[in-house]
Amino acid sequence: SGPSRKSSAIITKWISEQQHSSSAKGKSAETACTGDAAALSKKVDGFGRWITDDNKTTHESKLYGPIAQFFCFVASCIKLSHKSQRVRPRRLVVPFSTPDRKCADGDDNSRADLILNMAPVDDYKVGTLIATPKTDRSRSPRFIDAFALVEVKSSADGVDSAMPQLFRYTRGIYEEQYDRRFVWGLAVSGKHVKVVFFGPNYALASPTVDVGQRHGRLQLVTLLVNWSFCESHQLGYDPSIIYHRARDYYEIMVDHKGKTKMYYSVGAVISAERLFGRHTRCFLASEQAPAPNSEPRPDVFIKDAWPEATEDENVDYRDESRHLQKITAMLDKVKRLDEVEGRDEWSKLEGKCPRYDSGGR
């Protein structure tokens, strides 16, 4: 969009000016962000080591801070440059404050180098990282709070060396976030960056971007700006499953005879623990929203899976919604025959077979 392109160009221009002329700081800051120049100038000095240094002999841990500050700086500029404009960002993408930390909800010793979080625009304090939520008496990040992961390597290792860990750790996002359809990630080696898109049965990596060059920085900044302005489904979130973080429950919208039926669940009994596939998730749910400080009483079982878009639903033998409809129709037929013929076969089946309530493609 126009505002996104304009923001990307302004932010990138200011970064370049700051790297070449200290006298331009005040004027450039005012042009790009209309204020808060002092706090943002400090951030420029911080991430300058990432976009200007050689980094060949730098251990990857030395890059966590400068890279995190780059994200922080871009988010701050986005917020400030759109303070009084009609078109405002929907969110800001900022790293958590604790890099290279084991995730509290991980099933192994996965230690993502940087975890990107989506901060509400109005709540974000300019020039700061996001405080890692306190869990289990420590500040350990969680996959459930992650928008995307960043895996960092030194220049000597090469950007492709970050891919295996990025692939392995991203699995944790699918496992803990029941509303994710696809996920983004970044692999970094020195000043070189690749953006990875994790689809349901494939992963796509962008060409290598060199943030040491102005054009490369513009590409990365443009991505961050677009992430800030786009709708949530474009980030990979399923619009039919909404997570209410404050009360820790999910709203699940299911098709019911051409209309939408709402169910509520506190979590999945089966999660999508694999990186690729149908991402099958199963929920115990209820039509009643959970009351505060009380456990819900589920009365339905919801299975959510993603079939191939090109697959003909009329010949898809894995379409369990259609199978359930057939089973329900057979059970109803047995009940009718019992009434007509005076039999009692229905009582033998009642409560033992699942019945279709709603759903479909």
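Just above, that's the structure.
A short tour of the structure in this document, coming up. Every value quoted in this text rests on a predicted model; they were computed, and no experiment measured them. (Residues numbered from 1 in each chain as written. Predicted model: local features only at pLDDT ≥ 70, side-chain atom pairs only at ≥ 80, totals over all residues. Heavy atoms only, no water.)

Turning our attention to the overall build of the protein chain. Per the secondary structure count, the protein chain includes 8 helices and 15 strands. Evaluated residue by residue, the protein chain yields a buried proportion of 46% over its 361 residues. For the protein chain, long-range pairs separated by at least 24 residues make up 63% of all intrachain contacts whose partners lie at least 6 apart in sequence. For the protein chain, the computed accessible surface area is about 18800 Å², with 50% contributed by carbon and sulfur atoms. (Helix = DSSP H or I, 4+ residues; strand = E, 2+ residues; numbered from the N terminus. Buried < 20%, exposed > 50% of the residue type's maximum accessible area, 1.4 Å probe, protein only. Contact = heavy atoms within 4.5 Å. Areas by Shrake-Rupley, 256 points an atom, 1.4 Å probe, with all protein chains shown as cover.)

This part covers the sheet that holds strand 12 (residues 259-265). Judged by pairing direction, the sheet is antiparallel, and its 3 strands sit side by side in the order 10-11-12 without closing on themselves. The open sheet terminates on both sides in strands that have one partner only, identified here as strand 10 (241-244) and strand 12. Averaged over neighbouring strand pairs, the angle between their axes works out to 25° when direction is ignored. As defined by bridge partners, strand 10 adjoins strand 11 (residues 249-256) across 4 bridges and the pair is classed as antiparallel. From the neighbouring strand, isoleucine 242 faces strand 11, where its bridge partner is glutamate 251. (Pairing = 2+ DSSP bridges. Axes fitted to C-alpha atoms, helices over the stretch in contact; angles between N-to-C directions.)

Here we take up the nonpolar core. Ranked by size, the top nonpolar core spans 66 residues in total, and within it Trp50, Phe70, Leu116, Phe147, Leu149, Leu186 and Trp227 carry the most contacts. With sequence-adjacent residues up to four places away left out, phenylalanine 147 is seen in contact with Val93, Leu116, Met118, Ile173, Arg180, Val183, Trp184, Trp227, Leu235 and Tyr237. Tyr243, Ile252, Tyr263 and Ile302 belong to the second largest nonpolar core, which has 12 residues in total. (Core = buried A, V, L, I, M, F, W, Y, C linked by side-chain atoms within 4.5 Å.)

Let us look at helix 5 (residues 163-176). Taking 1.5 Å of rise per residue, the 14 residues of helix 5 would be expected to cover 20 Å, and the 21 Å separating its terminal C-alpha atoms lies within 8% of that figure. For helix 5, the full list of buried residues reads Met163, Leu166, Tyr169, Thr170, Gly172, Ile173, Tyr174, Glu175 and Glu176. (Expected span 1.5 Å × (residues − 1).)

This part takes up the environment of leucine 114. Considering the arrangement of structural elements, one finds leucine 114 in strand 4 (residues 114-119). Between the C-alpha atom of leucine 114 and that of alanine 146, which follows or precedes it by 32 residues, the distance is 9.7 Å. Non-local contacts of leucine 114, meaning those with residues more than four positions away in its chain, are made with Tyr64, Ile67, Ala68, Pro99, Ala148, Leu149 and Val150.

Before going further, it helps to spend a moment on a nonpolar patch on the surface. Together, Val269, Ile270, Leu284 and Phe301 give the surface a local cluster of nonpolar side chains, amounting to about 380 Å² of exposed area. Within the element layout of this structure, phenylalanine 301 appears in strand 15 (residues 300-304). (Patch = residues over 30% accessible without salt bridge, like charges linked within 9 Å, V, L, I, M, F, W, Y side chains within 5 Å. Salt bridge = Lys/Arg side-chain N within 4 Å of Asp/Glu carboxyl O.)

Of all 6 residues in strand 4, 5 are buried; the element is thus mostly enclosed. For strand 4 and strand 5 (residues 148-153), the ladder comprises 3 bridges, and the chain directions are antiparallel. Within strand 5, the residue paired with leucine 114 across the bridge is valine 150.

Once that is clear, we can look at the environment of leucine 331. Looking at where leucine 331 falls in the secondary structure, it is placed in helix 7 (residues 320-341). Taking the C-alpha atoms as reference points, leucine 331 and glutamate 345, separated by 14 residues in sequence, lie 9.8 Å from one another.

This part is about the sheet that holds strand 14 (residues 281-285). In space, the 3 strands of this open sheet follow the order 13-14-15, with antiparallel pairing throughout. Sheet topology places strand 13 (268-270) and strand 15 at the edges, where each strand pairs with a single neighbour. Strand after strand, the sheet turns through a mean of 35° between neighbouring axes, direction not considered.

It is worth spelling out the environment of alanine 305 at this point. Considering the arrangement of structural elements, one finds alanine 305 in the loop between strand 15 and helix 7. In the structure, alanine 305 is positioned 33 residues away from alanine 272 in sequence and 9.2 Å away in space, judged by C-alpha atoms. When residues no more than four places from it in sequence are discounted, the contact partners of alanine 305 are Arg278, His279 and Thr280.

Inspection of the entire model under this criterion finds 14 aromatic pairs. For the pair tryptophan 50 and phenylalanine 70, a centre-to-centre distance of 5.3 Å together with 85° between the ring planes defines the contact as edge-to-face. Of the two residues, tryptophan 50 sits in helix 3 (residues 37-52) while phenylalanine 70 sits in helix 4 (residues 61-81), which places them 20 residues apart along the sequence. Considered together, tryptophan 50 and phenylalanine 70 belong to a single accessibility category, that of buried residues. Among the aromatic residues, those joined into a ring-pair cluster are Phe147, Phe182, Trp184, Phe197, Tyr202 and Trp227. Sitting over the face of the ring of tyrosine 237, arginine 180 holds its NZ or CZ atom 4.2 Å from the ring centroid. (Phe/Tyr/Trp six-rings, centres within 6.5 Å; stacked < 30°, edge-to-face > 60°. Lys NZ or Arg CZ within 6 Å of the ring centre and 35° of its normal.)

Note that all results are geometric; they support no functional claim without further evidence.
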